[in-house]
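# Topology and contacts: notes
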Amino acid sequence: MSLFSKIFNSFKSIRLNTRNVLSGQPLNDVLISSMYAEQQSAYLNSYETGLNRSEVIKLLEQYWEIFSKEEAITVLQDLCDRNHDKNMNIVYDAFDDQENYVQILKSNLPSEENSFNYYLNVYRNLKGVVPELIEQQVITSFSEIRNSKDSGWNYGRGAFLARCCYETGYLTEKELKDYLEKTYQELKEYCSTWKEYTISYIFGRAIWGGSHNSGMIQIANDLLTNEKSPLKNKTYL
Amino acid sequence: MNILFLIPVILVIAGVCFMVFMNKKHKEAKSEIDLDAERTHYEAYKVEMLNEDFSQLKQWMQGKAIDAFTSGSVPQSTTSKVQEVVTDGIKNVALSAIGVKLQRIETDCFWVLSGSDLHFFSTNSVGELDEHIVFDNFRNEAATLHYGGVLKSQLGLYAKSAEEYLPKVHVITFDIDGSHLALEIHDRLNYVPDPSDLLNLKKQLAARAKYQVVGEKFVTVLQAKFPNLKLA
């Protein structure tokens, strides 16, 4: 049944809940999770995901190793904190100034080998991903993601995971609402439009997950242009 | 006595005379080339090569600086290793990302040093760009270099006298997240005589000298940038 519903739902882009429908700011808050929700064929317009409980548990336990409230809070907090990593700005600065990237990375990143290599790998990923996204016409230049970075990817996943954690009882409804409000406010520091949010999500996934972004590009287009999509008539966050 | 019998004899004698004549011309033309004097024109030759015979490198580099350049090749051992990686189900993602591209070993390849980055270009059978791989400063700082001797073709069918025109190679080995990737750096640009110049030995040797002067400088420039690549 679970497999059948998953296959059935995958053919329905833009899945909307007809009960407990959110509107206004709470809808905006929950829409931060829309890219991940659409990937999972989940509801876009409610706190409930509309997924089977077994699917939600599998997602939390197998992919995120979340088995308890404490682990849930740690993961959700980490997805917010990583947007404030100042070393990541150094990596972006280095990418933006190719003539001096060696000096920028060497002078400003932590010298400890593992830590340095972690950021060096992000730099190398940028070198591969940015030209690819330009070729796929997701962006026209690096400057388009210079400010938003991978914030959409981080906050977007955090918001959807929070909804899953609410359904499994790891978060109360109040904790979920607080978390979604917080992610919305923080995301606004990086993205000013919903389009920027979707681009940032695609970019973040590409940086951390590799190639084959065509599916995510299709999801973003669907969210921004489909008549049924709650994002269709929204421009600014 | 049938006069037709003399034709092969005449042809052999003519052939021998032609060989002697060409050898003499070759020696004369060679004696006119002072390689040490040619080396003083490195900068001018480099610009000339980039504007004429190797202008494609400027196009491939898309406006980035070209500090030095030469020909290169992918050793058979690296091609085999790449095949193993592919066959093994791509265990090493980083190596496979670079390595799976390096399956062609007979077509022209080029090295370009630009700032701290080493660019490796491979071409297809008609000389068009096939793959462009960039080894950044940190990969270069962790690389090693050793002398690999004269590059001999796989078949090994060449005259002993032609060996002086075969490139000598240095093998640079990169550490790609724990896996080693070896590539060859030639001490000269690959020279293929224009068919119209086949009998013009002087022109051929002058061109070869330029190709050598430009190519042989590459390792020196590379070592100046990355002292870890100096030979012990």
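Our structure is the block above this text.
The notes below deal with the structure included here. (Residues numbered from 1 in each chain as written. Chains lettered and ligands numbered in written order. Predicted model: local features only at pLDDT ≥ 70, side-chain atom pairs only at ≥ 80, totals over all residues. Heavy atoms only, no water.)

## What about the overall build of chain B?
Formally: Runs of H or I in DSSP of at least four residues are treated as helices and runs of E of at least two as strands, each being numbered from the N terminus. For each residue, the accessible area found with a 1.4 Å probe, counting protein chains only, is set against the maximum for its type, and the residue is called buried under 20%, exposed over 50%, and partly exposed in between. Any two residues whose heavy atoms approach within 4.5 Å are treated as being in contact. Computed with the Shrake-Rupley method and a 1.4 Å probe, the accessible areas treat only the protein chains shown as cover for residues.
Helix and strand counts for chain B come out as 8 helices and 7 strands. Counting over 232 residues, chain B shows a buried share of 41%. Taking contacts inside chain B between residues at least 6 apart in sequence as the whole, the part at least 24 apart equals 62%. Total accessible area on chain B stands at roughly 12,800 Å², and carbon and sulfur atoms take up 58% of it.

## A look at the packing of aromatic side chains
Residue and element names in this part refer to chain A. How we decide: Stacked, tilted and edge-to-face pairs are distinguished by plane angle, under 30 degrees for stacked and over 60 for edge-to-face with tilted covering the rest, among Phe, Tyr and Trp rings (Trp via its six-membered ring) whose centres lie within 6.5 Å.
Under the definition given, this model contains 24 aromatic pairs over all chains. Aromatic side chains Trp 194 and Tyr 197 sit 5.7 Å apart centroid to centroid with 85° between the ring planes, which places their arrangement in the edge-to-face category. A residue pair is termed a helical-turn pair when its members lie 3 or 4 positions apart in one helix, as Trp 194 and Tyr 197 do in helix 12 (residues 194-209) at 3 residues. In this structure, Trp 194 and Tyr 197 share a single accessibility class: buried.

## Re unusual backbone geometry
Residues and elements named next belong to chain A. A positive phi angle is found at Ile 14, which is not glycine, with a value near 60°. Position of Ile 14 among the secondary structure elements: in the loop between helix 1 (2-10) and helix 2 (24-31). Positioned with a positive phi, Asn 20 is a non-glycine residue whose angle comes to about 50°. Position of Asn 20 among the secondary structure elements: in the loop between helix 1 and helix 2. A relative accessible area of 54% means that Asn 20 is categorised as exposed.

## Looking at the nonpolar core
Test applied: Here, nonpolar core refers to any group of buried Ala, Val, Leu, Ile, Met, Phe, Trp, Tyr and Cys residues whose side-chain atoms link them within 4.5 Å.
If you look at the biggest cluster of nonpolar residues, it comprises 81 residues, and the most contacted ones within it are Met35(A), Leu60(A), Leu105(A), Leu126(A), Trp194(A) and Phe203(A). Among the elements that take part in this core, helix 8 (residues 113-135) of chain A stands out by supplying 9 residues, more than any other. Counting 41 residues, the second largest nonpolar core, distinct from the first, contains Val112(B), Tyr191(B), Val214(B) and Leu222(B).

## Remarks on the side chain of Ser71(B)
Residues and elements named next belong to chain B. Test applied: Two N or O atoms count as a polar contact when they lie within 3.5 Å, although within protein this holds only if one can serve as hydrogen donor and the other as acceptor, and sequence-adjacent residues are included solely when both atoms are side-chain atoms.
In this fold, Ser 71 is placed in strand 1 (residues 68-73). Take Ser 71: its relative accessible area is 2%, and that puts it in the buried class. Looking at Ser 71, its side chain comes within polar contact range of the main-chain nitrogen of Asn 190, at 2.9 Å. Discounting chain neighbours no more than four positions away, the residues touching Ser 71 are Cys 109, Phe 110, Trp 111, Glu 184, Ile 185, His 186, Arg 188, Leu 189 and Asn 190.

## A word on the sheet that holds strand 1 of chain B
All names here are of chain B. The cut-off we apply is this: By definition, two strands form a pair when at least two bridges between them are found by DSSP. The axes used here are C-alpha line fits, helices contributing only the stretch in contact, and every angle between their N-to-C directions lies in the interval 0 to 180 degrees.
Strands sit in the order 4-3-2-1-7-6-5 across an open sheet of 7 strands; the sheet is antiparallel. Across the chains shown, the open sheet's two edge strands, defined by having one partner strand only, are strand 4 (129-135) and strand 5 (144-150). For this sheet, the mean inter-axis angle between neighbouring strands, taken without regard to orientation, is 30°.

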